[in-house]
Structure formats: C-alpha cells, structure tokens
Amino acid sequence: QGLDGILEEDVESILDQAEEVGVGSWLSEAALWSRWTHVGDLRTNELSELLRVDAEGLMQTLSSNRGSTSLIKLYGHNFHQRITAAVPPYATWPTDLHVPFTDSADLFSNDIGIALFQVAVASGEIRLGESKRQEILRQLVNETCTFQRNLEGSIERIVSV
C-alpha cells in the first residue's frame, strides 16, 4: 500500500490549506539536493507505508555507476538551482510537496526556463515588447510553458497543450 495522506503546512504564507498526497508521490525530494527545512506535518487518513531515502547513501550508490554520474550531477545541480530560484513573483515558494520547474525533463537540461528566457531577452536573442514579455513570464511562472535550447543551439518555447 502506498502513501495516501494529507500534508498540512504550518507556514500559512507558503500553503494555507492541507494538500492531498497521492500514492507514489515524492515528499521532500528537495532534501536530497539541498539542506532542506521541512515546512509541514504529514498526517495519514489510513494505514500507509513511507520509504525513507538516506541522501548520502543514495549518492554513494548512484555515483558507483560511472555512466550515470554526470546525469546525476546535472539533475541535482539543476534541482538545487530551482529551489534557490523559486521566489515570488517569478515562482511559488518551494514546499515539501512541490518545487517549481522540477519536471525531470527540465532538470536534465542545462539551459531552460525563466533563466534562459531572461538571458535571451537581455542579450537581444529574443525581442519582445514589454506586455508580451510579461505575458510569457506569467506563463513561465504558471508552468504552462518553458524555454530550452534545441540541439542546434536555437531557443525553443515549449507550451502545455
């Protein structure tokens, strides 16, 4: 039986109500990639199982496979960047349940999302009027689009459909 419960945040400004946690969900993945302070309590409505992962042990195990070491470092580095960059008004605060822009497809890319967009606008690689720039920033914050570089080095905008 998987984890099925409710995480109730104690910090009202981060999350003002209980949030359902589905079976198979990750809790506090941020603790694997940073010095993380938990910001809530976990309560279950029924008998549940919880798997605790030792971050140091996991890193030792993963780093023993030389083929995956660079991918793990990239994933961890990018996850950590998103934790530290997740601040309003550009993103919601990270919680034990969600860190903005941490979809695994995004984390395996070196150059994505808001940071790439802002650098491209500042360098003139992307030219937009202020209202269009603000509209796209809102979409990035709401995670309805992202930016990445394709294999040719051009910037692509990816939109949720």
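Our structure is the block above this text.
Residues numbered from 1 in each chain as written. Predicted model: local features only at pLDDT ≥ 70, side-chain atom pairs only at ≥ 80, totals over all residues. Heavy atoms only, no water.

1. What to know about the pattern of salt bridges
- Scanning the model with the defined rule gives three salt bridges in all.
- We note a salt bridge from Arg43 to Asp41, for which the minimum N-O separation is 3.8 Å.
- Using a relative accessible area of 42% as the deciding quantity, one classes Arg43 as partly exposed.
- On the basis of relative accessible area, Asp41 is assigned to the partly exposed category, the value being 29%.
- Close ionic contact of Glu130 with Arg133 constitutes a salt bridge, the shortest N to O distance being 2.8 Å. Placement of both Glu130 and Arg133 in helix H6 (residues 130-141) is noted, with a separation of three residues, approximately one turn of the helix.
- For Arg133, a relative accessible area of 21% gives the class partly exposed. (Salt bridge = Lys/Arg side-chain N within 4 Å of Asp/Glu carboxyl O. Buried < 20%, exposed > 50% of the residue type's maximum accessible area, 1.4 Å probe, protein only. Helix = DSSP H or I, 4+ residues; strand = E, 2+ residues; numbered from the N terminus.)

2. Quick notes on unusual backbone geometry
- Residues Pro88 and Pro89 are joined by a peptide bond in cis, for which omega reads 10°.
- The phi torsion at Ser28 lies on the positive side, around 60°, for a residue other than glycine.
- Considering the arrangement of structural elements, one finds Ser28 in the loop between strand E2 (19-21) and helix H1 (30-33).
- Non-glycine residue Phe101 carries a positive phi angle of around 65°.
- Looking at the element boundaries, Phe101 is found in the loop between helix H3 (66-85) and helix H4 (104-107).
- On the basis of relative accessibility, which here comes to 14%, the residue Phe101 falls in the buried class.

3. Here we look at the packing of helix H5 (residues 113-123) against H6
- At a closest axis distance of 10 Å, the pairing of H5 and H6 adopts a crossing angle of 165°. Regarding the angle of H5 to H6, the classification is roughly antiparallel. When the axes of H5 and H6 are compared, the crossing they make is right-handed. Taken together, the residues of H6 that come into contact with H5 (itself represented by Gly113, Ile114, Phe117, Gln118 and Val121) are Arg133, Ile136, Leu137, Leu140 and Val141.
- By residue class, the composition of the contact of H5 with H6 is seven nonpolar, two polar and one charged. (Axes fitted to C-alpha atoms, helices over the stretch in contact; angles between N-to-C directions. Parallel < 35°, antiparallel > 145°, perpendicular 65-115°, else oblique. Left-handed = near helix turned anticlockwise from the far one by under 90°. Contact = heavy atoms within 4.5 Å. Nonpolar A, V, L, I, M, F, W, Y, C, P; charged D, E, K, R; others polar.)

4. Considerations on the nonpolar core
- Counting residues in hydrophobic clusters, the biggest one holds 13 residues, and the most contacted among them are Ile114, Phe117, Ile126, Ile136, Leu137, Leu140 and Phe147.
- Within the residue set of this core, elements represented by two or more residues are H5, H6 and strand E4 (145-149).
- Among the elements that line this core, the one with the most residues is H5, at four residues.
- Residues within four places of Leu140 in sequence aside, it is in contact with Phe101, Gly113, Ile114, Phe117, Cys145, Thr146 and Phe147.
- Judged by nonpolar contacts, the second largest core, of ten residues, contains Trp36, Ile72, Tyr75 and Ile83. (Core = buried A, V, L, I, M, F, W, Y, C linked by side-chain atoms within 4.5 Å.)

5. Digging into the side chain of Thr102
- Locating Thr102 in the fold gives a position in the loop between H3 and H4.
- Here Thr102 falls in the buried class, since its relative accessible area comes to 18%.
- For Thr102, the side chain forms a polar contact with the main-chain oxygen of Val99, separated by 2.6 Å.
- Residues within four places of Thr102 in sequence aside, it is in contact with Phe79, Arg82 and Leu107. (Polar contact = N/O pair within 3.5 Å; in protein donor to acceptor, adjacent residues only side chain to side chain.)

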